[in-house]
Number of protein chains: 2
Amino acid sequence: MKYEADPEDVEPISAPQAAGGEAVLRGKATINDVARLAKVSKKTVSRVINESPFVKQKTRDTIKAVIAELGFTPDPQARALARRKSFLVGLVYDNPSPQYVVNIQRGILDALEGTDFQLVLHPCDRSKLDHVARIQSFIQQHKPFGLILPPSVSEDEPLALALNEADVDYVRIASVELDTPSRMIRTLDGDGGAAAGRHLADLGHRNIAHIHGPLSFRSTHERRAGFERALAEAGLVLRPEMAVEGGYTFEGGVVAAELLLAQPNPPQAIFAGNDEMATGAYVAVRRAGFRIPEDISIVGFDDTPIAGRLWPALTTVRLPIREMGSAAATLLLQTADGVTTKKLITFSPEIIVRGSTAAPGTP
Amino acid sequence: MKYEADPEDVEPISAPQAAGGEAVLRGKATINDVARLAKVSKKTVSRVINESPFVKQKTRDTIKAVIAELGFTPDPQARALARRKSFLVGLVYDNPSPQYVVNIQRGILDALEGTDFQLVLHPCDRSKLDHVARIQSFIQQHKPFGLILPPSVSEDEPLALALNEADVDYVRIASVELDTPSRMIRTLDGDGGAAAGRHLADLGHRNIAHIHGPLSFRSTHERRAGFERALAEAGLVLRPEMAVEGGYTFEGGVVAAELLLAQPNPPQAIFAGNDEMATGAYVAVRRAGFRIPEDISIVGFDDTPIAGRLWPALTTVRLPIREMGSAAATLLLQTADGVTTKKLITFSPEIIVRGSTAAPGTP
DNA sequence: ATTAGGATTGACACCGGTGACATTTTCGAA
DNA sequence: TTCGAAAATGTCACCGGTGTCAATCCTAAT
């Protein structure tokens with residue numbers, strides 16, 4: 001039986017703009033309005049919205065025309081309710097670096113632009129006991145379409161396990177293959193560390209130190225391993241007393257560098273595991289009365305904006321963080337299209353040589 | 001008529017954890033489950049959830065007990081659909097400084113923690129023609145509970161006008177009273193500028209320059225006005241050629257400072273309208289071969305993290321950005337409680353003296 | 001011309017709440 | 001004890017979509 005809406009029913013709906021005399025954008029069109037005007041059931045409209053292949057081309061065209069005419073957009077809340085899945089993409093993060101976080105956000109937003117999805121922020125604290133439970137309850141309540149986990153949450157295996165149980169999709173951003181399999185964005189931090197080591201060795205430095213991040217971060221180990229590999233290729237070794245932890249923070253960097261400089265045979269060059277710590281090293285080096293890069297060369301990692309703002313500008317290893325965020329979101333949304341081709345996207349870092357490194361003995 | 005659910009109906013629901021044998025957290029309880037167990041209608045449960053005063057204390061207690069037992073939490077999507085209002089708080093921003101943005105986010109998240117609300121990010125671009133239309137369509141689609149507008153979107157009067165028409169609540173963060181009335185967080189940027197001017201004048205500087213932000217930002221004018229006021233109180237004037245625009249960016253700061261230093265009678269001190277530009281000034285001053293603070297003193301504004309990371313650390317004016325974000329969210333949520341007491345919260349800046357300023361003639 | 005089987009489309013309940021309004025209680029005043 | 005208004009609670013439709021499954025429409029094969 002065909003849908004036989006009589007003209008009276010149709011008329012007043014066809015002009016949502018004009019309705020009500022005053023109101024112009026008020027009262028959005030709903031799927032019912034579209035169905036009535038297109039003379040089909042709302043279910044068929046629903047099929048068109050969701051790009052179901054089981055709709056005749058002609059019907060589809062008619063409906064699309066009506067949708068366009070009415071400026072109809074499906075209501076995310078209603079869809080979420082019916083599907084038991086919202087249109088939210090959660091960014092679950094605990095990264096201490098604001099720069100990192102902002103760039104990841106930007107990348108995700110780039111990818112989400114134009115889609116129906118919205119980015120919601122969900123900071124967390126891995127040291128809290130109910131850390132995983134909180135995220136679970138967030139998922140249960142808000143039924144996010146998916147989650148994006150940058151480091152170091154991405155390395156949280158108990159969390160990943162819990163997520164696999166829960167009804168969410170997620171993409172992790174990390175520097176290594178992780179135990180729990182999942183789609184992920186992988187960064188070759190080791191190569192970055194190697195690039196830093198090679199750069200310093202090529203400049204002629206022999207006495208090189210390293211300030212690394214917390215041991216609980218996988219990237220700490222990756223970066224250091226790559227760095228040591230490059231040194232080895234140049235016939236150098238990283239002596240144990242030349243490797244100090246700086247917690248990935250500015251203050252940690254200051255303290256770590258002070259420790260290094262206080263040694264009987266202080267380093268000519270320092271590779272810091274991130275820009276924050278490199279910035280801290282700048283301060284310590286200056287306090288100790290040394291010049292950068294004449295007396296001591298410094299290399300960072302991340303290429304956050306501060307790198308270009310220091311004096312001299314910091315030589316550092318860049319990871320395309322924004323692009324990574326974008327790729328993560330894209331990977332997540334694939335599922336929405338039913339296409340799940342790629343499961344892993346790899347990004348390589350690149351060294352950006354600026355003013356904080358020079359050959360030893362530069363006047 | 002009482003609700004007479006017979007035990008059989010009640011039993012299987014009472015243990016959502018146990019249901020299904022395997023599943024533990026699956027299948028959240030709904031308002032219907034609560035209603036059945038508490039032997040009341042779902043509407044009454046709804047009243048309790050929404051803290052309606054028209055529920056007898058005893059009934060309320062019973063229902064609350066059941067809610068606790070079941071671990072029931074209302075479904076945000078369903079509520080949103082029925083109320084035509086979601087539980088999202090939108091941060092609409094275009095601020096170029098990541099630091100600012102992150103801190104505002106943190107503040108908002110602080111205030112939202114423990115509530116049903118979620119923060120969604122909505123960056124925008126005021127230079128786009130459909131700028132306002134985009135935000136309108138975001139509102140129409142996602143029906144956010146409210147919006148928070150930091151500068152410079154907060155100063156966008158056409159947007160504010162459109163927002164008043166639309167069905168959203170919003171709080172603006174700005175440095176001045178704005179034409180369109182609305183709840184807002186106000187910062188006394190003028191006082192901050194004055195503090196900077198006073199500090200430099202007190203140190204004994206007479207030849208002081210200013211690098212200001214874009215003229216389209218109200219804060220630019222506020223900060224400058226306060227600065228000039230303080231100079232006047234010290235019997236000084238800001239000569240026109242000593243005021244240059246730096247666009248609130250690092251690069252702009254570099255160029256502006258170069259312009260100032262190239263003048264026949266270069267300044268002994270520079271007050272930059274924000275930390276980004278102050279950082280740019282550091283670079284220009286060094287390139288020109290001057291020392292900070294011995295030859296030239298520099299003051300910034302905002303106290304972003306970079307201020308403490310520079311060498312020497314930057315003397316700057318601090319605005320409690322995180323607290324401001326938190327206050328903005330709190331102001332917004334008042335409506336949720338029906339309590340709408342405050343409409344304006346004012347924050348005063350404070351000068352943080354660090355190493356980038358000294359009396360002229362310091363060796 | 002018929003007919004089977006896939007291609008389309010529709011009917012209807014339901015997702016989990018809330019709004020408007022009706023009905024039942026409750027309790028102080030008469 | 002009785003009555004009426006206020007207090008408390010319930011009924012039922014609806015918010016705007018989607019899932020399930022049944023019904024109808026086609027098309028090629030018989």
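Above this text is the structure in question.
Cut-offs and rules
Residues numbered from 1 in each chain as written. Chains lettered and ligands numbered in written order. Predicted model: local features only at pLDDT ≥ 70, side-chain atom pairs only at ≥ 80, totals over all residues. Heavy atoms only, no water. Least-squares fit on C-alpha atoms with pLDDT ≥ 70 in both. Contact = heavy atoms within 4.5 Å. Buried area = accessible area lost by both parts, 1.4 Å probe. Salt bridge = Lys/Arg side-chain N within 4 Å of Asp/Glu carboxyl O. Polar contact = N/O pair within 3.5 Å; in protein donor to acceptor, adjacent residues only side chain to side chain. Helix = DSSP H or I, 4+ residues; strand = E, 2+ residues; numbered from the N terminus. Nonpolar A, V, L, I, M, F, W, Y, C, P; charged D, E, K, R; others polar. Expected span 1.5 Å × (residues − 1). Pairing = 2+ DSSP bridges. Axes fitted to C-alpha atoms, helices over the stretch in contact; angles between N-to-C directions. Near = heavy atom within 4 Å. Buried < 20%, exposed > 50% of the residue type's maximum accessible area, 1.4 Å probe, protein only. Phe/Tyr/Trp six-rings, centres within 6.5 Å; stacked < 30°, edge-to-face > 60°. Lys NZ or Arg CZ within 6 Å of the ring centre and 35° of its normal.

A. Region of the structure containing the relation of the copies chain B and chain A. Mapping chain B onto chain A is achieved by rotating through 180° and translating by 0.1 Å along the same axis, at an RMSD of 0.1 Å. In short, the pair behaves as if placed about a two-fold rotation axis. Across chain B, the smallest distance between a C-alpha and the rotation axis is recorded for Val120(B), namely 2.2 Å. Interface overlap between copies: 100% of the residues of chain B at the interface are likewise at the interface in chain A, consistent with a symmetric, same-surface contact.

B. Structural context of the interface of chain B and chain A. Each partner contributes to the interface: chain B provides 48 residues, whereas chain A provides 48 residues. At the boundary of chain B with chain A, total buried surface from both sides reaches about 4,300 Å², with 57% on carbon and sulfur atoms. Considering only the side of chain B, the residues that lose the most area to chain A are Gln77(B), Arg309(B) and Trp311(B), jointly responsible for 18% of the buried surface there. Summed over the shared surface of chain B and chain A, the result is 6 salt bridges. The salt bridge involving Lys143(A) is made with Asp75(B); its shortest N-O contact spans 2.6 Å. In this assembly, chain B and chain A are joined by 11 residue pairs in polar contact (both at pLDDT 80 or more). Elements with a contribution of two residues or more to the side of chain B that touches chain A: α5 (76–83), β1 (88–93), α6 (98–112), β2 (118–123), α7 (131–142), α12 (275–287) and α13 (305–309) of chain B. Residue classes in the side of chain B that touches chain A are distributed as 23 nonpolar, 12 polar and 13 charged.

C. Representation of helix α10 (residues 218–233) of chain A within the structure. All names here are of chain A. Relative to the 22 Å expected for 16 residues at 1.5 Å per residue, α10 spans 23 Å between its end C-alpha atoms, a close match to the ideal helical length. Looking at the buried positions of α10, the neighbouring elements they touch are α9 (189–203), β6 (208–212), β8 (269–272) and β9 (297–302). Downstream of α10 by one or two residues, glycine 235 has phi in the positive range, about 80°.

D. The arrangement of the sheet that holds strand β7 (residues 243–245) of chain A in detail. Residue and element names in this part refer to chain A. A sheet is described by the order of its strands in space; here 6 strands give the open sequence β7-β6-β8-β9-β10-β12, paired in mixed fashion. The outermost strands of the open sheet, each flanked by one partner alone, are β7 and β12 (350–352). The average angle at which neighbouring strand axes cross in this sheet is 20°, direction not considered. Here 4 bridges tie β6 to β8, and the two strands are oriented parallel to one another. When the sheet's bridge partners are listed, alanine 209 is paired in β8 with isoleucine 270.

E. Seen up close, the protein's contact with DNA strand D. The local shell around DNA strand D holds 29 residues, among which Ile31(A), Lys43(A), Ser46(A), Arg47(B) and Thr59(B) are the closest. A share of 58% of the atoms of DNA strand D within 4 Å of the protein falls on sugar and phosphate groups. Lys43(A) places a polar side-chain atom, nitrogen or oxygen, 2.7 Å from a base nitrogen of DNA strand D. Ser46(A) places a side-chain nitrogen or oxygen 2.3 Å from a phosphate oxygen of DNA strand D. Per-element accounting of the surface near DNA strand D gives the leading share, 5 residues, to helix α5 (residues 76–83) of chain A. Here the residues of the surface near DNA strand D sort into 13 nonpolar, 7 polar and 9 charged.

F. Inspection of helix α8 (residues 157–165) of chain A at higher detail. The set of residues buried in α8(A) consists of Glu157(A), Leu159(A), Ala160(A), Ala162(A) and Leu163(A). Contact partners of the buried residues in α8(A): α7 (131–142), β3 (146–149) and β4 (169–174) of chain A.

G. Layout of the packing of aromatic side chains. Residues and elements named next belong to chain A. Under the defined criterion, the tally for this structure stands at 10 aromatic pairs over all chains. When the ring of phenylalanine 271 is compared with that of phenylalanine 301, the centres are 6.4 Å apart and the planes differ by 45°; the resulting orientation is tilted. Within this pair, whereas phenylalanine 271 is found in strand β8, its partner phenylalanine 301 is found in strand β9, the two being separated by 30 residues in sequence. Classification of phenylalanine 301 by relative accessible area gives buried; the value is 0%. An aromatic cluster of at least three residues, connected via ring pairs, comprises Phe87, Phe117 and Phe145. Looking at arginine 223, its charged tip hangs above the ring of phenylalanine 301, at a distance of 3.8 Å from the centre.

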